[in-house]
Amino acid sequence: MKFTYTIEGGDFSKAGHASSSVKKVLKQLNVNSKVIKRIVVALYEGEVNVVAHAYRGKIEADINAERIYVRIEDEGPGIPDIGLAMTAGYSTASEKVREMGFGAGMGLPNMKKNTDELKVTSEVDKGTTVEMTTYLK
Amino acid sequence: MKLIDIVDKLGLKVFSNSDKLNEIEVTGGYTSDLLSDVMGNAQEGQIWITLQNHKNVMAVASLKDLAAVILVKSIKPEENFLKQSVEEGIPVLGTDRQAFEMSGELYKIFN
Ligand SMILES: Nc1ncnc2c1ncn2[C@@H]1O[C@H](COP(=O)(O)OP(=O)(O)OP(=O)(O)O)[C@@H](O)[C@H]1O
Ligand SMILES: [Mg+2]
């Protein structure tokens, strides 16, 4: 099963839509609720990162009996140093974004912790692609 | 413990979903104003104590299956937050107390 969603940079009012939709699908498929929780945490953080840090993006989720594969591709400033970005507490979030309670620098670490495989690739001034795979059993 | 008992014991204001208070089971609480912190560390069934007042709070609460949100320091939920709360069926509660005091009182109930 394949699902696609679009994300607008800066539009926090829709952040979480894709995560919420994928959660419903996984529930219907009777996936273990602990596994659903991990997937949803990682996907939400990925979604919010596009809203907070990029201009626009696209999410593709591909679910089969064994695993869910999610690819989040955005057009944006990119990440110059991915190792640094993965460090807990590192954030370049704007003051406005921080006031909303984002920008703790915990999103990428949360994604790492809650996926079985995480791959982040990025090109400065072009964009970032996040790929996550989580096994359903 | 049922949410209704906690609301009664702590004298909380109920901004939404008052009809759901006796259905919702509470397992504890989590206090934070950082959304990724709650996303990463809060557990299903907990009450989230915060001063963040926008609808992303509800998105996180719903994705994490939290029991309710308590807004501290007399904060009143903004309209979109409240709307989202009704859609998700997760009550928004309120108190005049600040987060430290509110957390302490909720902690006492569970320990
Ligand atoms: N899609 C992206 N495009 C550009 N930069 C990004 C993207 N995702 C992450 N980053 C960079 O990596 C940093 C760390 O990301 P991370 O998600 O861990 O924290 P955050 O988004 O700043 O805060 P939090 O997720 O805790 O709200 C960001 O501050 C930003 O500099
Ligand atoms: Mg983030």
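Our structure is the block above this text.
Source: prediction; values computed, not measured.

## Some thoughts on the site of ligand 1
Residue and element names in this part refer to chain A.
Part 1 of the reasoning: Residues in contact with ligand 1 amount to 21 residues; listed here are only the nearest, His53, Asp74, Ser91, Thr92 and Gly103.
Part 2 of the reasoning: Between Asn49 and ligand 1, the recorded distance is 2.9 Å, taken from a side-chain N or O atom to an oxygen atom.
Part 3 of the reasoning: Measuring from an oxygen atom of ligand 1, one finds a backbone N or O atom of Gly105 at 2.9 Å.
Part 4 of the reasoning: Protein contact buries 95% of the 590 Å² of open area that ligand 1 shows by itself.
Part 5 of the reasoning: Going through the elements one at a time, helix H2 (33-53) and helix H5 (107-113) are the ones with two or more residues in the shell around ligand 1.
Part 6 of the reasoning: Class assignment for the residues of the shell around ligand 1 results in nine nonpolar, 10 polar and two charged.

## Some remarks on the pattern of salt bridges
Part 1 of the reasoning: Applying the stated criterion across every chain, the model contains 14 salt bridges over all chains.
Part 2 of the reasoning: We note a salt bridge from Lys14 of chain A to Asp11 of chain A, for which the minimum N-O separation is 3.1 Å.
Part 3 of the reasoning: Judged by relative accessible area, Lys14 of chain A falls into the partly exposed class, the value being 48%.
Part 4 of the reasoning: Owing to a relative accessible area of 21%, Asp11 of chain A belongs among the partly exposed residues under this scheme.
Part 5 of the reasoning: Between Glu60 of chain A and Lys58 of chain A there is a salt bridge, with its nearest N and O atoms 3.3 Å apart.
Part 6 of the reasoning: For Glu60 of chain A, a relative accessible area of 30% puts it in the partly exposed group.
Part 7 of the reasoning: The structure contains a network of salt bridges with shared partners spanning Lys23 and Lys37 of chain A together with Glu44 and Asp65 of chain B.

## As for helix H1 (residues 17-28) of chain A
Part 1 of the reasoning: In a regular helix each residue adds 1.5 Å, so 12 residues correspond to 16 Å; H1 of chain A covers 17 Å between its end C-alpha atoms and thus fits that length.
Part 2 of the reasoning: What H1 of chain A keeps buried is the set Ala18, Ser19, Val22, Lys23, Val25 and Leu26 of chain A. For H1 of chain A, the arc enclosing every buried residue in end-on projection is 165°, short of the 170-degree limit, so these residues lie on one face. Residues of H1 of chain A that are exposed and angled more than 90 degrees away from the buried face: His17, Lys24, Lys27 and Gln28 of chain A.
Part 3 of the reasoning: Of the surrounding elements, those touching the buried residues of H1 of chain A are strand E1 (2-8), H2, strand E2 (56-63) and strand E3 (67-75) of chain A together with helix H3 (56-63) of chain B.
Part 4 of the reasoning: At the C-terminal side of H1 of chain A, Asn30 of chain A shows a positive phi close to 60°.

## Observations regarding the sheet that holds strand E2 (residues 28-31) of chain B
Part 1 of the reasoning: The strand order across the open sheet formed by five strands is E1-E5-E4-E3-E2 (chain B), and the pairing between neighbours is mixed. The outermost strands of the open sheet, each flanked by one partner alone, are strand E1 (13-14) and E2 of chain B.

## Digging into the nonpolar core
Part 1 of the reasoning: Counting 57 residues, the largest nonpolar core has Tyr44, Ile72 and Met132 of chain A together with Trp48 of chain B as the members making the most contacts within it.
Part 2 of the reasoning: Here the element with the most residues in this core is H2 of chain A; it accounts for 11 residues.
Part 3 of the reasoning: Beyond its immediate stretch of four places on either side in the chain, Met132 of chain A contacts Ala42, Leu43, Ile68, Tyr69, Val70, Ile72, Met111, Thr115, Glu117 and Leu118 of chain A.
Part 4 of the reasoning: Listed in part, the 17 residues of the second largest apolar core include Leu12, Val26, Ile47 and Ile49 of chain B.

## Things to note about the side chain of Ser85 of chain B
Part 1 of the reasoning: Mapped onto the elements, Ser85 of chain B comes out in helix H4 (residues 79-88).
Part 2 of the reasoning: Not counting residues up to four positions away in its chain, the partners in contact with Ser85 of chain B are Ser16, Asn17, Met58, Ile90 and Val92 of chain B.

## Looking at the packing of aromatic side chains
Residues and elements named next belong to chain A.
Part 1 of the reasoning: This model, assessed by the stated rule, comprises one aromatic pair over all chains.
Part 2 of the reasoning: Measuring from ring centre to ring centre gives 5.0 Å for Phe12 and Phe102, while their planes differ by 25°; the resulting arrangement is stacked. Residue Phe12 is found in the loop between E1 and H1, and its partner Phe102 is found in the loop between helix H4 (95-99) and H5; the two are separated by 90 residues along the sequence.
Part 3 of the reasoning: Judged by relative accessible area, which is 5%, Phe102 ranks as buried.

## Thoughts on the interface of chain B and chain A
Part 1 of the reasoning: Contact with chain B, which involves 19 residues of that partner, is made by 20 residues of chain A.
Part 2 of the reasoning: Here chain B and chain A share an interface that buries about 1600 Å² over both sides, 54% of which is from carbon and sulfur atoms.
Part 3 of the reasoning: On the chain B side of the interface with chain A, the three residues burying the most area are Ser36, Asn56 and Leu63 of chain B, jointly 36% of the side's total.
Part 4 of the reasoning: Counting every contact that joins chain B to chain A gives three salt bridges.
Part 5 of the reasoning: Salt-bridge contacts for Asp65 of chain B lead to Lys37 of chain A; the nearest nitrogen and oxygen are separated by 3.3 Å.
Part 6 of the reasoning: If you look at where chain B meets chain A, you find 12 residue pairs in polar contact (both at pLDDT 80 or more).
Part 7 of the reasoning: Looking at the side of chain B that touches chain A, the elements that each hand over two or more residues are helix H2 (35-41) and H3 of chain B.
Part 8 of the reasoning: Top element by residues in the side of chain B that touches chain A is H2 of chain B. It accounts for six residues.
Part 9 of the reasoning: Residue classes in the side of chain B that touches chain A are distributed as six nonpolar, seven polar and six charged.

Cut-offs and rules
- Residues numbered from 1 in each chain as written.
- Chains lettered and ligands numbered in written order.
- Predicted model: local features only at pLDDT ≥ 70, side-chain atom pairs only at ≥ 80, totals over all residues.
- Heavy atoms only, no water.
- Near = heavy atom within 4 Å.
- Polar contact = N/O pair within 3.5 Å; in protein donor to acceptor, adjacent residues only side chain to side chain.
- Areas by Shrake-Rupley, 256 points an atom, 1.4 Å probe, with all protein chains shown as cover.
- Helix = DSSP H or I, 4+ residues; strand = E, 2+ residues; numbered from the N terminus.
- Nonpolar A, V, L, I, M, F, W, Y, C, P; charged D, E, K, R; others polar.
- Salt bridge = Lys/Arg side-chain N within 4 Å of Asp/Glu carboxyl O.
- Buried < 20%, exposed > 50% of the residue type's maximum accessible area, 1.4 Å probe, protein only.
- Expected span 1.5 Å × (residues − 1).
- Arc of directions from axis to C-beta.
- Contact = heavy atoms within 4.5 Å.
- Pairing = 2+ DSSP bridges.
- Core = buried A, V, L, I, M, F, W, Y, C linked by side-chain atoms within 4.5 Å.
- Phe/Tyr/Trp six-rings, centres within 6.5 Å; stacked < 30°, edge-to-face > 60°.
- Buried area = accessible area lost by both parts, 1.4 Å probe.

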